[in-house]
Amino acid sequence: MDDCIIIGAGPAGLTAAIYLARFHLSIRLFDCGSSRAALIPRTHNHAGYPDGIAGTDLLKRMAEQAENYGAVKEDVLVTRIERDGENFVVHTDRGHYPARTVLLATGVVNNRPDMDDTLHDQALFSGLIRYCPICDGYEVTDKRVGVIGTDDHGMREALFLRGYTNDVTLIAPAAEHQLDEECVRALDEAGIVRVDGPCGGYAIEDDRFVVETAGGRMAFDSVYPALGSLIRSKLAVDAGAAASDEGCLEVDAHQRTSIPGLFAAGDVVLGLDQISHAMGQAGVAATTIRNLLAERKPLRR
């Protein structure tokens, strides 16, 4: 039986693997290969990389560091977590595995505009589509920026980006904007243009991202989809873990879910969706896991 099974090999899962392996614990690291961090063309706000680093390169370095201490990432799809007394059984597409503890680090998936995958990826890796203004808002300083979204979520993203440029347009994804009076007033005060949808007809022309709207074709230096995300917490929720209405797992200050022995870290937990935050949570979770196991049975060499 493993001391811990980690589900998800993004920044949170890999950080936890490094910690737990260095605690001389037996672990498994299961991953289905869909970390959101792998989609980052180049991050410039991750400390320690003054020239920036691609998301794939960061994950590769972290995986190599974990492997240096004996942790091995296994390409496995987890289908269910089952409680077994104070332990767990993790069911996968390659069998089932018992574990004393489980750490869920499955993250989230961004809701994307409806477009061809090839076009999306080309726009993403050239900086024409961006998903995280906290991460890369600096890169659109004084540029022409479009935000696809509406209601309070779209309004808040547009206002955040207004701190980087005075040329921000909020585009409704479907039809007319769904904005209450408070949202309208905030957008007007910030000088943010509003354009009704539906939007589509996406294209790249002259190194700009083109969007067809109810107001005609518009070209931007970068477009931010503010369409929400899918929180990948179903494994824990199905096992009985408490979550917010949006699906974010509820944890305490030590990253413990409502199920004893089941932990969560990273974007699957309510909080700031940032690599640094995910790594910090993973360090807390891993240390708490180590101490929990030591309480059950003293850890000795």
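Computed from a predicted model, the values in this text were never measured in an experiment.

So, how was this worked out
- Residues numbered from 1 in each chain as written.
- Predicted model: local features only at pLDDT ≥ 70, side-chain atom pairs only at ≥ 80, totals over all residues.
- Heavy atoms only, no water.
- Helix = DSSP H or I, 4+ residues; strand = E, 2+ residues; numbered from the N terminus.
- Buried < 20%, exposed > 50% of the residue type's maximum accessible area, 1.4 Å probe, protein only.
- Contact = heavy atoms within 4.5 Å.
- Axes fitted to C-alpha atoms, helices over the stretch in contact; angles between N-to-C directions.
- Parallel < 35°, antiparallel > 145°, perpendicular 65-115°, else oblique.
- Left-handed = near helix turned anticlockwise from the far one by under 90°.
- Nonpolar A, V, L, I, M, F, W, Y, C, P; charged D, E, K, R; others polar.
- Pairing = 2+ DSSP bridges.
- Phe/Tyr/Trp six-rings, centres within 6.5 Å; stacked < 30°, edge-to-face > 60°.
- Salt bridge = Lys/Arg side-chain N within 4 Å of Asp/Glu carboxyl O.

> Describe the environment of Leu128, with residues and values.
With respect to the secondary-structure elements, Leu128 resides in the loop between α3 (117-125) and α4 (133-136). Residue class for Leu128 comes out buried when judged on its relative accessible area of 6%. Sequence-wise, Leu128 and Val140 are 12 residues apart; in three dimensions their C-alpha atoms are separated by 9.9 Å. Those residues within four positions of Leu128 in sequence are excluded, and the remaining contacts are Ala123, Ile204, Asp207, Arg208, Phe209, Asp221, Ser222 and Val223.

> Could you give me a rundown of the packing of helix α5 (residues 151-161) against helix α6 (residues 181-190), with the residues and numbers involved?
Two numbers describe how α5 lies on α6: the axes approach to 10 Å, and their chain directions differ by 15 degrees. In terms of axis orientation, α5 runs roughly parallel to α6. Regarding α5 and α6, the two cross each other, and that crossing is left-handed. Packed against α5, whose contacting residues are Asp151, Asp152, Met155, Ala158 and Leu159, the element α6 presents Cys183, Ala186, Leu187 and Ala190 at the interface. Residues of the contact of α5 with α6, tallied by class, amount to 7 nonpolar, no polar and 2 charged.

> An account of the sheet that holds strand β8 (residues 145-148) is needed here, citing residue identities and associated values.
The strand order β10-β9-β8-β14 describes an open sheet built from 4 strands, whose pairing is parallel. Bordering the open sheet on either side are β10 (193-195) and β14 (222-225), each of which pairs with just one other strand. Averaged over all pairs of adjacent strands, the angle between strand axes in this sheet comes to 25 degrees, irrespective of strand direction. Both strand β9 (residues 168-171) and β10 contribute to a ladder of 3 bridges, which runs parallel. Looking across to β10, one finds that Leu170 is bridged to Arg194.

> Can you lay out the packing of aromatic side chains for me, pointing to particular residues and giving the numbers?
Scanning the model with the defined rule gives 4 aromatic pairs in all. Residues Tyr19 and Phe23 carry aromatic rings whose centres are separated by 6.4 Å and whose planes lie at 80 degrees to one another, so their mutual orientation is edge-to-face. The class for Tyr19 is partly exposed, based on a relative accessible area of 36%. On the basis of an interplanar angle of 20 degrees and a centroid distance of 5.8 Å, the ring pair of Tyr202 and Phe209 is categorised as stacked. No difference in accessibility class separates Tyr202 from Phe209, as the two residues are buried.

> Kindly report on the sheet that holds strand β11 (residues 200-205), identifying the contributing residues and their values.
Overall, antiparallel pairing links the 3 strands, which are arranged β11-β12-β13 in an open sheet. Strand pairing shows two members of the sheet lacking a second neighbour, β11 and β13 (216-220), which therefore form its edges. Each strand axis lies, on average, 25 degrees off the axis of its neighbour in the sheet, ignoring direction. By the bridge criterion, 5 bridges tie strand β12 (residues 208-213) to β13 in an arrangement that is antiparallel. What sits directly across from Phe209, in β13, is Phe220. This element, α3, spans β11 and β12 of the sheet and lies at about 50 degrees to β11.

> With reference to specific residues and values, describe the pattern of salt bridges.
In the structure shown here, the tally under the stated rule is 19 salt bridges. Across the pair Lys73 and Asp75 runs a salt bridge whose closest N-O atoms are separated by 3.5 Å. Linking Asp252 and Arg256 is a salt bridge whose minimum nitrogen-to-oxygen distance equals 2.7 Å. The exposure class of Asp252 is partly exposed, given its relative accessible area of 30%. Judged by its relative accessible area of 38%, Arg256 is partly exposed. Taken together, the shared-partner salt bridges connect Asp2, Arg28 and Glu74 into one network.

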